[in-house]
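Overview (structure and organization)
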Amino acid sequence: MTDFFTTVPGPIAYEGPDSDNPLAFRWYDAARTVAGRRMEDHLRFAACYWHSFAWDGSDIFGAGTLDRPWHREGLDPLDAAKAKMAAAFEFFEKLTVPFWCFHDRDIAPEGRTFKESAALLDEMVDEAQGHMERTGTQLLWGTANLFSHPRFQAGAATNPDPELFAYAAAQVCHCLEATHRLGGQNYVLWGGREGYETLLNTDIGRELEQLARFLAMVVEHKHRIGFDGLILIEPKPFEPTKHQYDFDVAAVHAFLQSHDLIGEVHVNIEVNHATLSGHDFAHEVAVARAAGIFGSVDANAGDDRLGWDVDRFPVSVEQMTLGMYEILRGGGFDSGGCNFDAKLRRQSTARDDLFHAHIGGMDTMARSLLAAAAMLEDGELAGAVADRYAGWDDDLGRRIMSGEETLPGLRDRALGVAEPGRTSGRQEALENLVARYVERAR
Ligand code: XUL
Ligand code: CO
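What comes next is a walk through the structure. Remember, predicted model here, so these are calculated numbers, not experimental data.

1. Here's the deal with unusual backbone geometry
Of note, the amide linkage connecting Gly10 to Pro11 takes the cis form, showing an omega dihedral of -15°. Relative to the helices and strands, Pro11 is located in the segment before β1 (33-34). With omega at 10°, the peptide bond leading from Glu239 into Pro240 counts as cis. Turning to its location among the elements, Pro240 is positioned in the loop between β8 (230-234) and β9 (243-244). In this fold, Glu239 is placed in the loop between β8 and β9. Backbone geometry places Arg426, a non-glycine residue, at a positive phi of 55°. By secondary structure assignment, the location of Arg426 is in the loop between α15 (407-416) and α16 (427-440). Take Arg426: its relative accessible area is 51%, and that puts it in the exposed class.

2. Overview of the coordination of the cobalt ion (ligand 2)
Here the cobalt ion (ligand 2) is held by the protein donor atoms Glu234 (OE), Glu270 (OE), Asp298 (OD) and Asp341 (OD), which lie 2.0 to 2.1 Å from it. Between the six donor atoms coordinating the cobalt ion (ligand 2), the angles at the centre fall across 81 to 166°, so the site counts as octahedral. Mapped onto the sequence, the residues coordinating the cobalt ion (ligand 2) show the spacing E-x35-E-x27-D-x42-D. Taken as a pair, Glu234 in strand β8 and Asp298 in strand β11 (residues 294-298) lie far apart in primary sequence, 64 residues in all. Per residue, the accessibility class of Glu234 equals that of Asp298, and both read buried.

3. Remarks on the sheet that holds strand β10 (residues 265-270)
Taken in spatial order, the eight strands line up as β3-β4-β5-β6-β8-β10-β11-β12 and close into a barrel, and their pairing is parallel. Geometrically, the sheet is characterised by an average inter-axis angle of 30° between neighbouring strands, direction not taken into account. Both strand β4 (residues 99-103) and strand β5 (residues 138-143) contribute to a ladder of five bridges, which runs parallel. By the bridge assignment, Trp100 is partnered in β5 with Leu139.

4. Quick notes on the site of ligand 1
The full set of residues close to ligand 1 is Trp50, His103, Trp141, Trp190, Glu234, Lys236, Glu270, His273, Asp298, Asp309 and Asp341. Between ligand 1 and the protein, one listed contact pairs an oxygen atom with a side-chain N or O atom of Asp298 at 2.9 Å. A distance of 2.7 Å separates an oxygen atom of ligand 1 from a polar side-chain atom of Asp341. Expressed as a share of its isolated accessible area of 290 Å², the protein-covered part of ligand 1 is 97%. When grouped by side-chain class, the residues that make up the shell around ligand 1 number three nonpolar, two polar and six charged.

5. What to know about α16
Over its 14 residues, α16 extends 20 Å from the first C-alpha to the last, a length consistent with the 20 Å expected when each residue adds 1.5 Å. Turning to α16, its buried residues number three or more, namely Leu433, Val434, Tyr437 and Val438. On an axial view of α16, the arc spanned by its buried residues comes to 140°, and they lie on one face. In α16, the exposed positions that point more than 90 degrees away from the buried face belong to Glu428, Glu439 and Arg440. Tucked into the core, α16 has its buried residues touching α11 (317-329), α12 (353-378) and α13 (380-388).

6. A look at the nonpolar core
Within the largest apolar cluster, 113 residues are counted, with the highest numbers of intra-cluster contacts made by Leu43, Phe92, Trp100 and Ile107. If one sorts the elements of this core by residue count, α12 sits on top with 13 residues. Non-local contacts of Phe92, meaning those with residues more than four positions away in its chain, are made with Ala47, Tyr49, Phe53, Val97, Trp100 and Thr137.

7. Re the packing of helix α3 (residues 77-95) against α12
Axis separation between α3 and α12 bottoms out at 11 Å; the angle between their running directions is 40°. With respect to α12, the axis of α3 lies oblique. Pair α3 / α12 crosses with right-handed handedness. Here Phe91, Lys94 and Leu95 of α3 come into contact with α12, specifically with Leu354, Phe355, His358, Ile359 and Met362.

8. Brief notes about the packing of aromatic side chains
According to the stated counting rule, one finds 26 aromatic pairs in the structure shown. Their ring planes at 80° and their centres at 5.2 Å tell us that Phe165 and Phe214 sit as a pair that is edge-to-face. Remark: Phe214 occurs in helix α7 (residues 204-225) and Phe165 occurs in helix α6 (residues 162-181); sequence separation between them is 49 residues. On the accessibility criterion, Phe214 (7% relative accessible area) is buried. Taken together, the aromatic side chains of Phe4, Phe5, Tyr49, Phe53, Trp70, Phe89, Phe91, Phe92, Trp100, Phe102 and Phe355 make up a single cluster linked through ring pairs.

9. Concerning the environment of Glu234
Glu234 gets classed as buried once you look at its relative accessible area, which sits at 3%. In the structure, Glu234 is positioned 17 residues away from Ala251 in sequence and 11 Å away in space, judged by C-alpha atoms. Residues within four places of Glu234 in sequence aside, it is in contact with Val188, Leu189, Trp190, Gly191, Asp246, Asn268, Glu270, His273, Asp298 and Asp341. Of note is the side chain of Glu234, whose polar atom sits 3.5 Å from the side chain of His273.

Calculation rules
- Residues numbered from 1 in each chain as written.
- Chains lettered and ligands numbered in written order.
- Predicted model: local features only at pLDDT ≥ 70, side-chain atom pairs only at ≥ 80, totals over all residues.
- Heavy atoms only, no water.
- Helix = DSSP H or I, 4+ residues; strand = E, 2+ residues; numbered from the N terminus.
- Buried < 20%, exposed > 50% of the residue type's maximum accessible area, 1.4 Å probe, protein only.
- Donors = N, O, S within 2.8 Å, 3.2 Å for Na, K, Ca; no water.
- Tetrahedral: all angles 85-135°; square planar, octahedral: opposite > 155°, others 65-115°.
- Pairing = 2+ DSSP bridges.
- Axes fitted to C-alpha atoms, helices over the stretch in contact; angles between N-to-C directions.
- Near = heavy atom within 4 Å.
- Polar contact = N/O pair within 3.5 Å; in protein donor to acceptor, adjacent residues only side chain to side chain.
- Areas by Shrake-Rupley, 256 points an atom, 1.4 Å probe, with all protein chains shown as cover.
- Nonpolar A, V, L, I, M, F, W, Y, C, P; charged D, E, K, R; others polar.
- Expected span 1.5 Å × (residues − 1).
- Arc of directions from axis to C-beta.
- Contact = heavy atoms within 4.5 Å.
- Core = buried A, V, L, I, M, F, W, Y, C linked by side-chain atoms within 4.5 Å.
- Parallel < 35°, antiparallel > 145°, perpendicular 65-115°, else oblique.
- Left-handed = near helix turned anticlockwise from the far one by under 90°.
- Phe/Tyr/Trp six-rings, centres within 6.5 Å; stacked < 30°, edge-to-face > 60°.

What follows is the structure in structure tokens.
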């Protein structure tokens, strides 16, 4: 199919770091083996439908700017959805991206009733199945849009009206089955409007119980239909609501623990959400790994000065290297991958801008992988961390952690020993070490 992106012949090929071809990869070499795995299998890139094909470039101050003919007024909604899908798969195929992701409402129009909407989704899932077979593109994850329609103004699972909970449950049931039908490797639940604006009209305790019940129903249904992908919650601290319940990985972990959902639900970590929560990407991955709930990544970037979800394409190898290092340290992705939940700037109106954005993002992640893999292989950074904790493998550390020591016992001990020594944390030296790996990554 070469109908929409006519100026890009495709497929985009790897030409190496010295290439000046703007429509070639300089770092992403799908077949190259890095740390025992093909680069393609490490990174498991996905392009997303929402920002790249469903969004028209509009913002709160102005109308859409992007050249997306399927948004023209007066088109039959199903014809428009099919034209959009043909363009999307032309893009996935030319970019050579192995996976894609969708919200139900990205790929199919909303009908007048739930029944109509479900039938429209079924029709577009059949259409997607054909494109996937033709191009070999696989589905990383599907998700339901429980936030755009006005009916969800007060949330979905956490809505004060059970009718809305029931509607959202029906929609997720249908979308999870659609994802399963398409061989989806995961299913994502981003909180959307699961949060609140003011306590004056909100019962937090009740809303959290509703959210837990909703999640349990999703897990029950996953097992009922034999979907063996992961259920992933995507944390985000605010936007659209002032207080989003799934604030960060730690908040999600505590929620899963208190509702007996550990092992059933993992996290999809978005880089820009991590920075909005006051953390950073590497921190969120490290917390998820430590808790055993790491799943997948939405690879994008925020802006240092803007405190909202700007969803830029990733451009900083330095920022991504530490996140990739944490991912590799935990053994890499299983069913997860790197989804570009990122959007063009509103003035990037040429059709090929979508290629430049993804090529840059894929090269950034690929070079970060190279730096992280070298860092892991050489072991210098891990060695410095291990040295710092060495005391815990000695007698005192072991006795404390095994429960042999008590507070008064340690007081008695302190009465007889000298002031403990101090060792440098060597942060600057370690930062220079990381910089070396970033500079030399090839
Ligand atoms: C919203 C966001 C979503 C989720 C899926 O900020 O990141 O695209 O990734 O609903
Ligand atoms: Co996201």
